[in-house]
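# Topology and contacts: notes
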Amino acid sequence: MDQLTTAELNCLIMEETRQADDVDDIGHLLPFIFKSSNVNLLPTTASLIDSDNKPLYDPIKKIWPLACSEEGQTIEKTFPSFLNTLTYGLIQQKSDLCLSDDVTLQWNNILVVTEMTASQFSLSMPAGKMLDTKAYLVFKLCIHLYDHSGGIMTPAIKIHDQPDAFKYVMACIVFGSRNCIGFDPTISINPKAMKLLSGREFHLLPDHLPSPFPTKQLSKEQSTFPHLVPTNSKQILLLVNSSHPIGKITVNKNKYKLLKVLFSHQGLVGCRTVCYLVRRDGQEYIIKDHWVTGDKDVILNEVKMLQALEGVPGIPKLVEYWLIEMVPDEVDYTQMYHQKIYSSTAGMYRMHVHLVLKPRARPLHEFQSRKELVKAIHNIVLIQKCAVEKYKILHRDCSLNNAMIEDINGGSQGALIDWEFTASIMSDNLYTAGGTQINQGMIPFMSIDVLEAMGTLEYQQSQTAAGDWRKATNSSICQEVPKIKHTYHNDLESVFYVFAWVCIMFKGPHGQEHCLEDIVDHDPQKADIWLPQQWHGPPEKARDIARAKHFFFFRGRLCIAKQFDPYFKELVPLAEEWAEIIKQKDMKMEFDDISSLLNKQAGQEDGEGGEGPCYSQVKQSCLNWWWFAYVGHEVCDVFVVPAWMMVFVALKKTSS
C-alpha cells in the first residue's frame, strides 16, 4: 500500500490553514463533512461526566485528566479508555445490553482507525499508514481525509486547549451518520454479505512475475506468483456466488437490487471503478460506479460515446446514467471538500457517476474454445475498425479486462467495454494524458509509441517536484494538462498483446490460469524471460518496457513457440505471422491486415478437436464404439459396419 499511495499522492496532499484571528477555527473540511450532525444537541464540555459522576474536563488546568498517561501506563492503554469514557459522557447513559449483528473484530468491519504517535506528523511519513478516516491523537488531533483527488489534512486541534472542538469531532465520528466517515449513501450492502465476497471474474496482473530461470522450489505460501495478487493498477475482483440480493443501489430515482460485486479497483487517486451486477423488474444490468475528472462535457464523455455508438455489435448499451447527488441539487464533487485549489491539484477533482449498462459479458479469458477466442479477438478488431472508420472514435484503452465475450442467440461474439477514455479523432492525433491516471490502457497492453510518450512524460513530471514532494504546490503559472499522441495503430497493437497474454498466462478454456513457476524450463541455456514479465511494470519503467517490446518484434519473436502454453500451440503460427505484420508495417498495420489474418485462422479452427464443453464426453463415446467394433469383429462380422458408422457420426457432429 505504501508504494501505491506514495506514487499516487505526489503533490496532491493539501494542508488546511486556520484563520489567523480565530484560534478555534477548525478549517473547511470538518464542518463540511459533519454538516449532517446537529451540534446543538451535544452536551456542553463542562457537563461531561464519567460513570462515577466525575467531570471529564478540568477547565482550570485545561486538561482531560483521563487522556494523560499515569506512571507505569502507556498512552496506548490510557487513551482508548479515555475515548470510551468520553463516548459515555456524550450520551449521558450507558447501555446495559447491546445488540450487534457482528461482534467479531475484523478489518472489514472497522469503520474508523486512530493512530497514536508521540512524534510530530509530517508528509514524509509513509502514505500507507494513513487510512481514509485516520486521526493522529496525542495532544493534537489532525483529521486526514483521502478521496480520489488526493488528501486533505485539517488544522491541528489541541485537545486540551480546544476541548469543544475535540468533543465536536469525536461526537460526529462516533454518533454521526455514515456519511460523516465517508460511506456512500446511494449504496447499501448487507454486512453479512460482505463475508461472501470472494472469487474473481477478471484477470489479475501480478506486481512481480517470476523469472523462468531455475530457483529453489517454493511452497504455495512462499510463491512469488500467487493466484490473487493486485495489479499495477491495483485491481481486486470480487464475486458473490449467490443470486440473492446482497444490497441496494440507487441511480436517479430507480432502486436496483445488488447481486454481485464484479470488479473493483483498489487505491486512492483515480477513477476507481466498481462494477456491480444488479437486477430491477426481473432484468439484470451492470452498474459502473466511478469518479471522472473534468467539466461536465468531459465527465459525460463515455455517455456521449456510448450514445453515438449505439447499435454497434459488441459495444455495451447505455440504459441510464446519474451524476450522483448526495443531497438534492448537490452533485458529489471532490472539489467541494477542498479549502483551496492549488496548481498541482487543478484538474484532479472528480465527479461521482453511475452508468447502467447492458448486457453482462464474460471476460475474454473465459473463452470456451480456441475458435471462440480467435473469433472474439477478430470481433474486437472489427469493433475498433467500425468506431474509427464510421464514427471517427478512438477507444484508447484496449486491455485484457476490457476485452469481453458476449453470449448471443446460442453463439458468442467479442465485445469491447470501458469507453470512458475514448476520444473523437483529432487531426493532430494528440489527446489528454489524464494527469496521474494513465488512460492509455494498462501498461502490459500499451503500444510502443504510447509507452515512449508516457515515459517522457513521467520523466518530465519527476523533474518538476521540489521540496516536500507530496505536499500540494502552487505557482503563478497554471499547469497545463499534457497530451500524448495516439492513433488507431496503437489500439491495434494493443490487441496483439492481449492475445499473447492469454496464450501465455492461461492453459486452457474457462479461465484456467497457470503459475509460471510451474512451467519454467530449468535449463538456463534454453530459458527466456517471460514476455508478460518484460511487458509489465510501473509507469516510471515505461521506456524500458517499450524497448523490450521493440526488441521482441525485431529480434525476439522466436520465443512465442516456447512461451505459449501447449493448449495454444495451434495458434503459434498465427502469433508469429501477426508479429511479422507489425514488424513489416513498422507498427502501422491496418485493420484489414489483422482482420484477414484472424478470419483465416478462425476458418482453420472450424475443425479443431478437444474444444467444446462436451468434447470429453464425445471422445469417451468414440472410444467405446472403437472397442465395440473390435469385439464385434471377433464375435460376429455383422457388428463392424454399425460401429464404424456411429464413430463417424459422432466425430462429424463434434466438428459441425
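Residues numbered from 1 in each chain as written. Predicted model: local features only at pLDDT ≥ 70, side-chain atom pairs only at ≥ 80, totals over all residues. Heavy atoms only, no water.

## Observations concerning the packing of aromatic side chains
Cut-off, in case you're wondering: Here a pair means two rings of Phe, Tyr or Trp (six-membered ring of Trp) with centres within 6.5 Å. Their orientation is stacked below 30 degrees between planes, edge-to-face above 60, and tilted elsewhere. Strands are runs of DSSP state E lasting at least two residues, helices are runs of H or I lasting at least four, and both sets are numbered from the N terminus onward. Classification of residues uses two cut-offs on accessible area relative to the type maximum, computed with a 1.4 Å probe and protein chains only: under 20% is buried, over 50% is exposed, and between them is partly exposed. Distance and angle both matter: a charge sits over a ring if NZ of Lys or CZ of Arg is within 6 Å of the ring centre and within 35 degrees of the ring normal.
Counted under the stated rule, the structure contains 23 aromatic pairs. Relative to Phe553, the ring of Phe496 has its centre 5.5 Å away and its plane inclined at 50°; by these criteria the two rings are tilted. Of this pair, Phe496 sits in helix α10 (residues 488-505) while Phe553 sits in helix α12 (residues 542-555), placing them 57 residues apart in sequence. One exposure class covers both Phe496 and Phe553, and it is buried. Relative to Phe553, the ring of Tyr497 lies with its centre 6.1 Å away and its plane at 55°, an arrangement referred to as tilted. Highlighted residues: Tyr497 in helix α10 and Phe553 in helix α12, separated in sequence by 56 residues. The exposure class of Phe553 is buried, given its relative accessible area of 0%. Three or more aromatic residues joined by ring pairs make a cluster, and in this case those are Phe496, Tyr497, Phe499, Trp535, Phe552, Phe553, Phe564 and Trp578. Above the ring of Tyr497, the side-chain terminus of Lys549 is found at 3.8 Å from the ring centroid.

## Brief notes about the packing of α10 against α12
For clarity, the cut-off: Here the axes come from fitting lines to C-alpha atoms, over the contacting stretch only for helices, and the angles between their N-to-C directions go from 0 to 180 degrees. Between 65 and 115 degrees an angle is taken as roughly perpendicular, under 35 as roughly parallel, over 145 as roughly antiparallel, and anywhere else as oblique. In this analysis, two residues are considered to be in contact whenever any of their non-hydrogen atoms come within 4.5 Å of each other. Only Asp, Glu, Lys and Arg are considered charged, only Ala, Val, Leu, Ile, Met, Phe, Trp, Tyr, Cys and Pro nonpolar, and every remaining residue, Gly among them, polar.
Closest axis-to-axis distance for the α10/α12 pair is 14 Å, and the angle between their directions is 80°. Between α10 and α12, the crossing angle belongs to the class labelled roughly perpendicular. For the pair α10 and α12, contact is made by Glu493, Phe496 and Tyr497 and by Lys549, Phe552 and Phe553, respectively. When the residues that make up the contact of α10 with α12 are grouped by side-chain class, the tally is four nonpolar, no polar and two charged.

## A short note on the pairing of strand β12 (residues 283-293)
Note the following rule: In short, DSSP must find at least two bridges between two strands for them to pair.
In terms of burial, β12 is largely enclosed, as eight of its eleven residues are buried. Between strand β11 (residues 274-280) and β12, which follow one another and run antiparallel, lie two residues, and Asp281 among them has a positive phi close to 55°. With eight bridges connecting them, β12 and strand β16 (residues 350-358) associate as antiparallel partners. Bridge assignment links His290 to a residue of β16, and that residue is Val353.

## Quick notes on the sheet that holds strand β19 (residues 403-408)
If you walk across this open sheet you meet the three strands as β17-β19-β20, and the pairing is antiparallel. Unpaired on one side and paired on the other, β17 (362-363) and β20 (411-416) mark the two borders of the sheet.

## Notes on a nonpolar patch on the surface
The line we're drawing: Patch rule: a residue counts if its relative accessible area is over 30% and it has no salt bridge; like charges are joined within 9 Å, and nonpolar side chains (Val, Leu, Ile, Met, Phe, Trp, Tyr) within 5 Å. Each accessible area is a Shrake-Rupley estimate made with a 1.4 Å probe; only the visible protein chains count as cover when residues are assessed. What counts as a salt bridge is simple: a side-chain nitrogen of Lys or Arg found within 4 Å of a carboxyl oxygen of Asp or Glu.
On the surface, Ile91, Val174 and Phe175 cluster together into a nonpolar patch covering about 240 Å² of accessible area. Along the chain, Phe175 turns up in helix α4 (residues 163-175).

## Regarding the environment of His550
Residue position: His550 is located in helix α12. As for His550 and Ser447, which are separated by 103 residues in sequence, their C-alpha atoms are 9.7 Å apart.

## Thoughts on the confidence of the model for the protein
Low pLDDT means the predicted atomic positions in that stretch should not be read closely. Using the following cut-off: Per-residue confidence from the predictor is given as pLDDT, running between 0 and 100.
Scored by pLDDT, the protein has a mean of 76; 69% of the residues are at 70 or more. The low-confidence segment residues 124-138 (pLDDT under 50) makes 60 contacts with residues lying over four places distant or belonging to another chain. The low-confidence segment residues 522-527, where pLDDT is below 50, has eight contacts with residues more than four positions distant or belonging to other chains.

## Looking at empty space enclosed by the protein
Rules: Both site types are read off a 1 Å grid over the protein atoms alone. A 1.4 Å probe that fits but cannot get out defines a cavity, while an open set with protein on both sides within 12 Å along at least five of seven lines defines a pocket; lining residues have an atom within 4 Å of a point. Grid points are joined across faces, edges and corners, and a volume is the space filled by probe spheres set on the points.
Scanning the entire structure with this criterion turns up two cavities of 30 Å³ or more. What the second largest cavity holds in volume is close to 40 Å³. As for the second largest cavity, its lining consists of Gln384, Ala387, Val388, Ile393, Leu394, His395, Trp419, Tyr488, Asp491 and Phe591. Element by element, the count of residues in the lining of the second largest cavity is highest for helix α8 (residues 370-389), at three residues. Classifying every residue of the lining of the second largest cavity by side-chain character gives seven nonpolar, two polar and one charged.

## A look at the pattern of salt bridges
Here the structure, examined in full by the defined rule, presents 13 salt bridges. The residue Asp407 makes a salt bridge to Arg362 at a minimum N-O spacing of 2.7 Å. A residue pair is termed long-range when its members are at least 10 positions apart, and Asp407 in strand β19 and Arg362 in strand β17 qualify at 45 residues. The exposure class of Asp407 is partly exposed, given its relative accessible area of 47%. Using a relative accessible area of 15% as the deciding quantity, one classes Arg362 as buried. The structure contains a network of salt bridges with shared partners spanning Lys288, Glu302, Asp418 and Glu420.

## A few points about the nonpolar core
As a reminder of what qualifies: Within this scheme, the nonpolar core is defined by two criteria: the residues are buried Ala, Val, Leu, Ile, Met, Phe, Trp, Tyr or Cys, and they are joined through side-chain atoms within 4.5 Å.
Counting residues in hydrophobic clusters, the biggest one holds 88 residues, and the most contacted among them are Leu364, Phe496, Phe564 and Trp578. In terms of residues, this core owes the most to one element, α10, which gives twelve residues. Setting aside anything within four residues of it in sequence, one finds Phe564 in contact with Phe499, Ala500, Cys503, Ile504, Leu571, Val572 and Ala575. If you look at the next biggest cluster of nonpolar residues, it comprises 35 residues, including Trp64, Ala171, Cys172 and Ile181.

## Looking at unusual backbone geometry
Put simply, Lys358 and Pro359 share a cis peptide bond, and its omega is -10°. Mapped onto the secondary structure, Pro359 falls in the loop between β16 and β17. A positive phi angle, close to 55°, is found at Lys62, a residue other than glycine. Here Lys62 shows up in the loop between α2 (29-33) and α3 (75-91).

## Quick look at the pairing of β20
Counting buried residues along β20, five of its six residues qualify, which places the element largely inside the surrounding structure. Between β19 and β20, which pair antiparallel one after the other, the connecting turn spans two residues, and Asn409 there sits at a positive phi close to 45°.

## Observations concerning α10
Rule in force here: Expected helix span is taken as 1.5 Å per residue step, with the number of steps being one fewer than the number of residues.
Between its first and last C-alpha, α10 extends 26 Å over 18 residues, near the 26 Å set by a 1.5 Å rise per residue. Across the 18 residues of α10, 17 count as buried, placing the element largely inside the fold.

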